Amino acid sequence: MDLITVRRADLAGPDREQVRLLVEAYLRQTELEKAEQQGEAPADDALPERYRAEIHDPATAYDNAVVHVAEADGELVGIVVVQRSGATREIKRLWVDPRARGRRVGSALLDAAISLRDLPVRLTVWEWRDDAMQLYRARGFAVMESWDERPRLVCMQLEPDPTLDCDG
């Protein structure tokens, strides 16, 4: 098994295109799954307008976020985007290329996302994504009362760890 490294993304430089492709793959898969879960035919190839900034200009779209990427053999194979939102940090995107699954890439990305535990870390996940929910629970996330009105979206939160020294 090749070495997986996780590092901060350089969205203004060499990581821009691969991050764009990873985010686009994540969004397309999510839209496909939502259509399947609702018993609908998948929509045409176009993604909803609300996603365009993330795909076309990730550096600007994630200006107020921390973005980590997982790399194997010089290729980016996963991404996690964490935004600070008031008194919480929120995991907005977590995606592993299907070809890299089963190699603990998602675990490594999640660990990077929750390494700073000075605030609660929250996320939303579709209820049919059992593997993702299992990973989040294994890291201590608990299901919370929903802060999102979309049906079948599960809200989870990881409480801060007061024993960690987040300043140094």
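With an unreviewed UniProt entry as reference, the chain is termed Ribosomal protein S18 acetylase RimI, source organism Agreia bicolorata.

(A) The packing of aromatic side chains, seen in detail. Tallied over the full model, the rule gives three aromatic pairs. Taken together, a centroid distance of 5.1 Å and an interplanar angle of 10° make the contact between tryptophan 126 and tryptophan 128 stacked. The same class applies to tryptophan 126 as to tryptophan 128, namely buried. The lysine or arginine in question, arginine 101, covers the ring of tryptophan 95, its NZ or CZ lying 4.7 Å from the ring centre. The ring centre of tryptophan 147 lies 4.4 Å from the NZ or CZ of arginine 122, which sits over that ring.

(B) Inspection of the sheet that holds strand S6 (residues 142-143) at higher detail. Spatial ordering of the open sheet is given by S1-S2-S3-S4-S5-S7-S6, a layout of seven strands whose pairing is mixed. In the strand order of this sheet, the two ends are held by strand S1 (5-8) and S6, each with one partner. By the bridge criterion, three bridges tie strand S4 (residues 88-96) to strand S5 (residues 121-126) in an arrangement that is parallel. In the sheet register, arginine 89 faces S5, and the bridge partner there is valine 121.

(C) Layout of the environment of glutamate 17. Looking at the secondary structure, you find glutamate 17 in helix H1 (residues 16-37). For glutamate 17, a relative accessible area of 38% corresponds to the partly exposed category. For the pair formed by glutamate 17 and leucine 76, sequence separation is 59 residues and the distance between their alpha carbons is 10.0 Å.

(D) Highlighting the nonpolar core. In this structure, Ile91, Val105, Tyr136 and Phe141 are the most contacted members of the largest nonpolar core, which totals 25 residues. Sorting the residues of this core by element identifies strand S2 (65-72), strand S3 (75-85), S4, helix H4 (105-113), S5, helix H5 (130-138) and strand S7 (153-158) as the ones contributing at least two each. Here the element with the most residues in this core is H4; it accounts for four residues. Not counting chain neighbours up to four residues away, the residues in contact with tyrosine 136 comprise Leu94, Leu110, Leu123, Val125, Phe141 and Met156. In this structure, Val19, Leu22, Leu27 and Val69 belong to the second largest nonpolar core, which totals 18 residues.

Rules used throughout
- Residues numbered from 1 in each chain as written.
- Predicted model: local features only at pLDDT ≥ 70, side-chain atom pairs only at ≥ 80, totals over all residues.
- Heavy atoms only, no water.
- Phe/Tyr/Trp six-rings, centres within 6.5 Å; stacked < 30°, edge-to-face > 60°.
- Buried < 20%, exposed > 50% of the residue type's maximum accessible area, 1.4 Å probe, protein only.
- Lys NZ or Arg CZ within 6 Å of the ring centre and 35° of its normal.
- Pairing = 2+ DSSP bridges.
- Helix = DSSP H or I, 4+ residues; strand = E, 2+ residues; numbered from the N terminus.
- Core = buried A, V, L, I, M, F, W, Y, C linked by side-chain atoms within 4.5 Å.
- Contact = heavy atoms within 4.5 Å.

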